[in-house]
Structures are given as C-alpha cells and as structure tokens.
Amino acid sequence: MEKPNAPSCERNKAPILTILEKYCQHRDINPFKIFEIGSGTGQHACFFSEKLPFVEWTTSDMEENHAGIKAWIAESHQKILGPVKFEAGKDSVEFDSYDMVFSANTLHIMGWKSCKTLFKKLGKSMKTDSLVLFYGPFNYRGEFTSESNRTFDGWLKDRSPAMGIRAFEDVTNNMAKNGFFLKEDIEMPANNRILVFEKS
Ligand SMILES: C[S@@+](CC[C@H](N)C(=O)[O-])C[C@H]1O[C@@H](n2cnc3c(N)ncnc32)[C@H](O)[C@@H]1O
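Residues numbered from 1 in each chain as written. Predicted model: local features only at pLDDT ≥ 70, side-chain atom pairs only at ≥ 80, totals over all residues. Heavy atoms only, no water.

**Remarks on the packing of aromatic side chains**
Centre distance and the angle of the planes are the two values used to describe a pair of aromatic rings. Let me state the cut-off plainly: Pairing of aromatic side chains requires ring centres within 6.5 Å, counting the rings of Phe and Tyr and the six-membered ring of Trp. Pairs whose planes differ by under 30 degrees are stacked, by over 60 edge-to-face, and all others tilted. Each residue's exposure class comes from its accessible area (1.4 Å probe, protein chains only) as a fraction of the maximum for that residue type: buried when under 20%, exposed when over 50%, partly exposed otherwise. Lysine NZ or arginine CZ positioned within 6 Å of the ring centre and within 35 degrees of the ring normal marks a charge as sitting over the ring.
Applying the stated rule across the entire model yields 13 aromatic pairs. Between Phe 48 and Trp 57, the aromatic rings sit 5.5 Å apart at their centres with planes inclined by 40 degrees, giving tilted as the arrangement. Of the two residues, Phe 48 and Trp 57, both sit in the buried class. A centroid spacing of 5.9 Å and a plane angle of 85 degrees characterise the contact between Phe 86 and Phe 95, whose relative ring orientation is edge-to-face. Classification of Phe 95 by relative accessible area gives buried; the value is 0%. A connected cluster of aromatic rings, assembled from ring pairs, spans Phe 35, Phe 86, Phe 95 and Tyr 98. Across from the ring centre of Trp 72, 4.5 Å away, lies the NZ or CZ of Lys 3, which sits over that ring.

**A look at the pattern of salt bridges**
Basically, it comes down to this: Here, a salt bridge means any Lys or Arg side-chain nitrogen found within 4 Å of an Asp or Glu carboxyl oxygen. By the criteria applied, helices consist of DSSP H or I runs no shorter than four residues and strands consist of E runs no shorter than two, each listed in order from the N terminus.
Within this structure, the stated rule accounts for 11 salt bridges. Its salt-bridge partner being Glu 184, residue Lys 22 comes within 2.7 Å of it at the nearest N-O pair. With Lys 22 in helix α1 (residues 7-25) and Glu 184 in strand β8 (residues 180-188), this residue pair connects regions lying 162 residues apart in the sequence. A salt bridge links Arg 193 to Asp 185, with the shortest nitrogen-to-oxygen separation between them at 3.0 Å. Arg 193 gets classed as buried once you look at its relative accessible area, which sits at 18%. By relative accessible area, which is 25% here, Asp 185 ends up partly exposed.

**Topic: the nonpolar core**
Rules: Each nonpolar core is a collection of buried residues, namely Ala, Val, Leu, Ile, Met, Phe, Trp, Tyr and Cys, held together in the definition by side-chain atoms within 4.5 Å.
Judged by nonpolar contacts, the single largest core of 30 residues is most densely connected at Leu 20, Phe 48, Trp 57, Met 100, Phe 102, Leu 133 and Ile 194. Residues Phe 35, Val 171, Leu 195 and Phe 197 belong to the second largest nonpolar core, which totals 25 residues.

**Digging into the site of the ligand**
Keep this limit in mind: Working definition: residue near molecule or strand if any one of its non-hydrogen atoms lies within 4 Å of it. For the purposes of these results, a polar contact is taken to be a pair of N or O atoms within 3.5 Å, where, inside protein, one atom must be able to donate a hydrogen and its partner to accept one; residues adjacent in sequence count only when each atom of the pair is a side-chain atom. What sets the accessible areas is the Shrake-Rupley method with a 1.4 Å probe; for residues, cover comes only from the shown protein chains. We place a 1 Å grid over just the protein atoms. Points where a 1.4 Å probe fits but has no way out form a cavity, open points with protein on both sides within 12 Å along at least 5 of 7 lines form a pocket, and any residue with an atom within 4 Å of a point lines it. For a cavity or pocket, the test is whether more than half of a molecule's atoms lie within 2 Å of its grid points; if they do, the molecule sits there. All residues other than Ala, Val, Leu, Ile, Met, Phe, Trp, Tyr, Cys, Pro, Asp, Glu, Lys and Arg, Gly among them, are scored as polar; the first ten of these are nonpolar and the last four charged.
Around the ligand sit 17 residues, and of these Gly 38, Asp 61, Asn 65, Ala 88 and Ala 104 come closest. Note that a nitrogen atom of the ligand is positioned 2.7 Å from one of the backbone N or O atoms of Ala 88. Protein contacts shield 85% of the accessible area of the ligand, which totals 590 Å² for the unbound molecule. When atom positions are compared with the pocket grids, the ligand is found to occupy the largest pocket. Taken together, the residues of the shell around the ligand sort by class into 8 nonpolar, 7 polar and 2 charged.

**Points about the sheet that holds strand β4 (residues 100-104)**
For the record, the criterion: Paired strands are those between which DSSP finds at least two bridges. Axes here mean lines fitted to C-alpha atoms, for a helix over just the part in contact, with angles spanning 0 to 180 degrees between N-to-C directions.
With mixed pairing, the 7 strands of this open sheet are ordered in space as β3-β2-β1-β4-β5-β9-β8. Since the sheet does not close on itself, it has two edges, and those belong to β3 (80-85) and β8, each with one partner. Mean inter-strand twist for the sheet, computed between neighbouring axes without regard to direction, equals 20 degrees. The sheet contact formed by β4 and strand β5 (residues 131-136) spans 5 bridges and is parallel. Looking across to β5, one finds that Met 100 is bridged to Leu 131.

Nothing here speaks to function; it is geometry throughout.
Now the structure itself:
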C-alpha cells in the first residue's frame, strides 16, 4: 500500500516535538510509554519515535486507518506498537500502563459525547502524575481564535453536526471532573493549542 500523507502533519510535527520533548525528557523514564489516540496516517508516530528514541509509542485508530499506519510503521527504523483498534466512545483500552496519552486533531472530529466518555475513561484508568496532551484548535469564552478556525468549524459541522471545535472551558472542566488539572495551555502555530493535563 502507498503510504497516506497528511500535509498538516509535516507542518506541525516540529513544533509539537518541542513540547513532547519538554514533557517526556524531564521524567527520566525509559521506555516512556505514550498511547496515541487517532493516529491517522501514522506520520506523527514515526517522526516522534525517531526523534524520541526512549519513547515506546503505541498507535491507535479505527480499523479503516490501520493499513496506512502499518505502511508508515513498516518503513520506520523504530519499534512502534499497534495500531490498536480504538474508537473513543466505543472501544475500551486500559491506559494505566502509559505515561502519556497524546492526541492531535481528534477532539473536534469525535462527537462531544465520545470526548466526555474518553475523559472519564482516562480519569478512571490513568495513574497519578501521568500526562494527557491534546493538540488542536480550541475556542475561548465562546469565541473563535481566528477567522480560519470559524471557517473550519463551519466545514466540520457541514460534514457532521456532531463535529466542531471544542470550547477550552468545556474540555478543562470535564478533565478536572475526572481528576486532571491543566498544567499548561500552549499557543501553537496556525491558531492551534496544546493542552497539557496531569492526573492528580
Ligand atoms: C483529523 S484526523 C487527525 C489524525 C492525526 N492525529 C493528525 O493529526 O494528522 C482525526 C483522526 O481521529 C480519528 N477518530 C475519529 N473519531 C474518533 C474516535 N471516536 N476515537 C478515536 N479516534 C477517532 C479519525 O479516524 C482520524 O484518524
């Protein structure tokens, strides 16, 4: 199979790497285990694993994306696990063996009900001090942070009314309800953010 390609991954992988480095390296855990939700093409997994060789990266997504992820993994020199079949709101994974859950550009794709189920599951099964990083666009105080995000949100809702850019306040409040405090809210290029949560 020809490897799928997401140009956005090529644009955002280097800025995301700087944040992953910051949150993985100081912990001095080897292997540092990361579970990725919604790996998509598998490009991020391959790039981050190569740059962070002390990380054991587990990919996951719905089955329709597994062939593409496998095609990327097959060309990687790193040991990358998965893809695990995981759809938030439907499938179950025990997250207790992971030091971090990472997910890019997924909260606005899965329905809000699935987001809340995911937050609950993370809260129930992740261990104290473990981290959750969500990359993507978020709204603040009911406002889009850019016109391009407003247009993107309209495009998402045309695809499915369940999709849409999530409110920062809804995500942080729901994560807090499930035992996670917001450690950092980081501005990223192209009107994206990384929300870093730690299990207390
Ligand atoms: C926009 S893509 C992002 C892919 C990749 N993370 C990236 O940044 O390029 C959204 C991904 O979320 C996955 N996805 C959609 N609904 C999901 C759900 N309920 N649980 C887990 N993943 C889901 C899709 O299959 C897709 O791979």
